[in-house]
Structure formats: C-alpha cells, structure tokens
Amino acid sequence: MSVLVYSTKTCPWCDKAKEYLASRGLTYEAIDVSADKEAAKEMVEKTRQRGVPVIKIGEHYIVGFDKPKIDSALSEAGLA
C-alpha cells in the first residue's frame, strides 16, 4: 500500500502533511507537481483540484491537510 503526497516546494501545508505522516512512522512518496506536469495532470483528473497538498492513501484522495480524513484513510488501508 503506498502513500503519495502531491505537493510543491513552497507549500507550508504540504510540509505539515509530510511531517504528520512521518510522525506516524509512515513512508510516503512526495511528488512535486510544479516540476512533474504529468503528475499534476493526474492529480487534477482524479480530484478536480489544482491546490495542494493532495494525499493519496490506497484509492482515497484527500485534498488539503485534514488529519481526521488522513487517519480514517490510513485505518481503512490498514496503515494506522
């Protein structure tokens, strides 16, 4: 099960999301959508959102840094 964080280098909420995942002992792949246009396109297609962070846990996409939604998706994915 993978965790992806779509982010940019200048996004403070992206940093908070990554710090939160790390504090939970989780590894994740950070994708800089300002540098990876294909990933940015995929993120928009899946979420209809252009803002970051977008966190993909299993098949769930979470827009923004929303701890309850992150925790719920982690639990459902068996990662909590």
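Coordinates for the structure precede this section.
Attention in this report is confined to the structure presented alongside it. (Residues numbered from 1 in each chain as written. Predicted model: local features only at pLDDT ≥ 70, side-chain atom pairs only at ≥ 80, totals over all residues. Heavy atoms only, no water.)

### Brief notes about the nonpolar core
1) Next: Counting twelve residues, the largest nonpolar core consists of Val3, Val5, Ala17, Tyr20, Leu21, Leu26, Ile55, Ile57, Ile62, Ile70, Ala73 and Leu74.
2) Next: Of all the secondary structure elements, the ones that give two or more residues to this core are strand E1 (3-7), helix H1 (12-23), strand E3 (54-57) and helix H3 (67-76).
3) Next: If near-sequence neighbours (up to four positions away) are discounted, leucine 21 is found in contact with Val3, Val5, Leu26, Tyr28, Ile70 and Leu74.
4) Next: Counting eight residues, the second-largest nonpolar core is a separate cluster that includes Tyr6, Ile31, Ala39 and Val54. (Core = buried A, V, L, I, M, F, W, Y, C linked by side-chain atoms within 4.5 Å. Buried < 20%, exposed > 50% of the residue type's maximum accessible area, 1.4 Å probe, protein only. Helix = DSSP H or I, 4+ residues; strand = E, 2+ residues; numbered from the N terminus. Contact = heavy atoms within 4.5 Å.)

### Quick word on the side chain of lysine 18
1) Next: Turning to its location among the elements, lysine 18 is positioned in helix H1.
2) Next: Nearest to the buried, unbridged lysine 18 among oppositely charged side chains is aspartate 15, at 4.1 Å.
3) Next: Within polar-contact distance, the side chain of lysine 18 engages the side chain of serine 7 at 3.5 Å.
4) Next: Not counting residues within four places of it along the chain, the set of residues in contact with lysine 18 comprises Val5, Ser7, Tyr28 and Ala30. (Lys, Arg positive; Asp, Glu negative; His and termini not counted. Salt bridge = Lys/Arg side-chain N within 4 Å of Asp/Glu carboxyl O. Polar contact = N/O pair within 3.5 Å; in protein donor to acceptor, adjacent residues only side chain to side chain.)

### Quick notes on the environment of glycine 25
1) Next: Mapped onto the elements of the fold, glycine 25 is located in the loop between H1 and strand E2 (29-32).
2) Next: Judged by its relative accessible area of 64%, glycine 25 is exposed.
3) Next: Each C-alpha atom, one on glycine 25 and one on valine 54, is 19 Å from the other, the two residues being 29 residues apart in sequence.

### Some words on the pattern of salt bridges
1) Next: Applying the stated criterion across every chain yields a total of one salt bridge.
2) Next: Here aspartate 71 makes a salt bridge to arginine 24, at a shortest N to O gap of 2.5 Å. Of the two residues, aspartate 71 is situated in helix H3 and arginine 24 in the loop between H1 and E2; the sequence distance between them amounts to 47 residues.
3) Next: Under the relative-accessibility criterion, arginine 24 is labelled partly exposed at 32%.

### Notes on the sheet that holds strand E4 (residues 60-63)
1) Next: One open sheet accounts for four strands, arranged E2-E1-E3-E4; its pairing is mixed. Each edge of the open sheet is held by one strand with a lone partner, namely E2 and E4. The average angle at which neighbouring strand axes cross in this sheet is 20 degrees, direction not considered.
2) Next: Across the face of the sheet, helix H2 (residues 37-47) comes into contact with E1, E2, E3 and E4 while running at roughly 95 degrees to E4.
3) Next: Sitting on the sheet, H3 is in contact with E1, E3 and E4, with an inclination near 170 degrees to E4. (Pairing = 2+ DSSP bridges. Axes fitted to C-alpha atoms, helices over the stretch in contact; angles between N-to-C directions.)

Such coordinate-based values are descriptive only and should not be taken to indicate function.
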